[in-house]
There are 2 protein chains.
Amino acid sequence: MSVTRKRYYCPVEVTVDVIGGRWTPVILAHLKEGVHRYGELRRRMPDMSEKMLTQRLRELEHHGFIERTVHPGVPAPVSYQLTNDGLSLAPVLQALYDWGVDRASRRGIAIEPVT
Amino acid sequence: MSVTRKRYYCPVEVTVDVIGGRWTPVILAHLKEGVHRYGELRRRMPDMSEKMLTQRLRELEHHGFIERTVHPGVPAPVSYQLTNDGLSLAPVLQALYDWGVDRASRRGIAIEPVT
């Protein structure tokens, strides 16, 4: 995620600078469905390393797309949810989701969500 | 672009595997607007290296999202257009575009298309 670039030639470049990368849209798509505890996010994306998840979450929080809440308890549970800026991405996330569903069904690709 | 992966946990992962990466969605978004000569694509994405453009175009052609046509002439002009599979990405590309327009206007980011 690079938000420092000065010049863009196409609006799609702006969006890709924000949500480009392998995992950022996947994390956001899960959070679009509601608040998630850290452990839930880990479980739903078994192919992503813990280090990667932590980095992406920090970036997303830093750029104001998600909000991190620390709850009372030992160890203190941490949850994440989309901010209004994050919610503004809903149409993008939905389009990515819908196309993935179609593609998987046309190609016989199995999608097995972790619930 | 990796189309060999066996298991997915979320439809968004499928889409990102296909159109993830910095430039692939930008190339597709330009082609969504119509047939482009190779040189036109080069001009519209001044920040992308020629090597990168060639690689991305080859991948997109290999995976059936774009079609390459060699026209008569010396040197033979080459043009690219979306296939039906490529056109199926239109709602995704439009959502990426629309969000980029909004973001740029909220943030005072200049977008200067090369026409």
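1. So, the interface of chain B and chain A
Moving on, step 1. Taken together, the contact between chain B and chain A spans 47 residues of the former and 47 residues of the latter.
Moving on, step 2. Across the pair Arg7(B) and Glu112(A) runs a salt bridge whose closest N-O atoms are separated by 2.9 Å.
Moving on, step 3. Where chain B touches chain A, the interface holds twelve residue pairs in polar contact (both at pLDDT 80 or more).
Moving on, step 4. Sorting the residues of the side of chain B that touches chain A by element identifies α1 (11-19), α2 (24-32) and α6 (90-107) of chain B as the ones contributing at least two each.
Moving on, step 5. Its residues placed into classes, the side of chain B that touches chain A shows 30 nonpolar, five polar and twelve charged.

2. Overview of the environment of Pro11(B)
Moving on, step 1. Tracing the backbone through its elements, the reader meets Pro11(B) in helix α1.
Moving on, step 2. For Pro11(B), a relative accessible area of 6% corresponds to the buried category.

3. A few points about the sheet that holds strand β3 (residues 78-82) of chain A
All names here are of chain A.
Moving on, step 1. What the three strands build is an open sheet, ordered β1-β3-β2; its pairing is antiparallel. At either margin of the open sheet sits one strand with a lone partner, and together these are β1 (36-37) and β2 (66-70).
Moving on, step 2. Pairing geometry for β2 and β3, over five bridges, is antiparallel. The residue of β3 that forms the bridge with Arg68 is Tyr80.
Moving on, step 3. Seen against the sheet, helix α2 (residues 24-32) touches β1, β2 and β3 and runs at an angle of roughly 90 degrees to β3.

4. Quick look at the sheet that holds strand β1 (residues 36-37) of chain B
Each strand in a sheet pairs with another by means of backbone hydrogen bonds, the pair being arranged parallel or else antiparallel.
Moving on, step 1. Spatial strand order, β1-β3-β2 (chain B): three strands in an open sheet with antiparallel pairing. Each having just a single partner strand, β1 and β2 (66-70) of chain B make up the two edges of the open sheet.

5. Topic: the relation of the copies chain B and chain A
Moving on, step 1. Overlay of chain B on chain A (RMSD 0.0 Å): rotation 180 degrees, translation along the axis 0.0 Å. As the rotation angle and translation indicate, the two copies are arranged about a two-fold axis.
Moving on, step 2. An overlap of 100% is found between the interface residues of chain B and their copies at the interface of chain A, pointing to a shared contact surface.

6. What about the environment of Arg7(A)?
Moving on, step 1. Along the polypeptide, Arg7(A) turns up in the segment before α1 (11-19).
Moving on, step 2. Residues Arg7(A) and Arg37(A) lie 30 residues apart in sequence; the distance between their C-alpha atoms is 37 Å.
Moving on, step 3. In this view, Arg7(A) contacts Asp47(B) and Glu112(B); residues no more than four positions away in its chain are not counted.
Moving on, step 4. Side chain to side chain, Arg7(A) and Tyr9(A) meet in a polar contact 3.5 Å long.
Moving on, step 5. Here Glu112(B) takes part through its side chain, which lies 3.0 Å from a polar atom of the side chain of Arg7(A).

7. Comments concerning the confidence of the model for chain A
Moving on, step 1. Mean pLDDT for chain A: 93, with 95% of residues reaching 70 or above.
Moving on, step 2. The ipTM value of the predicted complex is 0.93, and its pTM value is 0.93.

8. Topic: α1(A)
Moving on, step 1. Counting buried positions over the nine residues of α1(A) gives nine, a clear majority of the element.
Moving on, step 2. Residues of α1(A) that are buried: Pro11(A), Val12(A), Glu13(A), Val14(A), Thr15(A), Val16(A), Asp17(A), Val18(A) and Ile19(A).
Moving on, step 3. If you follow the buried residues of α1(A), they end up packed against α2 and α6 (90-107) of chain A together with α2 and α6 of chain B.
Moving on, step 4. Just past α1(A), the residue Gly21(A) takes up positive phi, approximately 100 degrees.

9. Examining the packing of α2(B) against α6(B)
Residue and element names in this part refer to chain B.
Moving on, step 1. For the pair α2 and α6, the least separation of the axes is 10 Å and the interaxial angle reads 105 degrees. Taken together, the axis directions place α2 and α6 in an arrangement best described as roughly perpendicular. Listed contacts from α6 to Pro25, Leu28, Ala29 and Lys32 of α2 are Ala90, Leu93, Gln94 and Leu96.
Moving on, step 2. Its residues assigned to classes, the contact of α2 with α6 comprises six nonpolar, one polar and one charged.

What counts, and where the lines are drawn
Along each chain, the written sequence defines residue order, and numbers are assigned to residues from 1. Each chain gets a letter, beginning with A, and each ligand a number, beginning with 1, in the order they are written. Where local features are concerned, this predicted model is filtered to residues with pLDDT of at least 70; where side-chain atom pairs are given and counted, the filter is 80 or more; whole-chain, interface and lining totals use all residues. Processing note: side-chain calculations cover all non-hydrogen atoms of the structure and skip hydrogens and water entirely. Contact criterion: two residues are considered in contact whenever any of their non-hydrogen atoms come within 4.5 Å of each other. A pair is scored as a salt bridge if a Lys or Arg side-chain nitrogen falls within 4 Å of a carboxyl oxygen belonging to Asp or Glu. Identification of polar contacts relies on pairs of N or O atoms within 3.5 Å, with a donor-acceptor requirement for protein atoms, meaning one able to donate a hydrogen and the other able to accept it, and with residues adjacent in sequence counted only if both atoms are side-chain atoms. Put simply, DSSP marks the helices as runs of H or I at least four residues long and the strands as runs of E at least two long, and each gets a number from the N terminus on. For this scheme, ten residues count as nonpolar: Ala, Val, Leu, Ile, Met, Phe, Trp, Tyr, Cys and Pro. Four count as charged, namely Asp, Glu, Lys and Arg, and the remainder, Gly too, count as polar. Relative accessibility decides the category of a residue: with a 1.4 Å probe and only protein chains considered, values under 20% of the type maximum give buried, values over 50% give exposed, and everything between is partly exposed. At least two bridges found by DSSP between two strands is the condition for calling them paired. Every axis corresponds to a line fitted to the C-alpha atoms, with the helix fit spanning only the stretch in contact, and the corresponding angles, defined between N-to-C directions, vary from 0 to 180 degrees. When the copies are overlaid, the least-squares fit takes in C-alpha atoms only where the residue has pLDDT of at least 70 in both copies. Confidence of the predictor at the level of single residues is captured by pLDDT, which takes values from 0 to 100. Oblique is the label for any angle not under 35 degrees, not over 145, and not in the 65 to 115 range, which are roughly parallel, roughly antiparallel and roughly perpendicular in turn.

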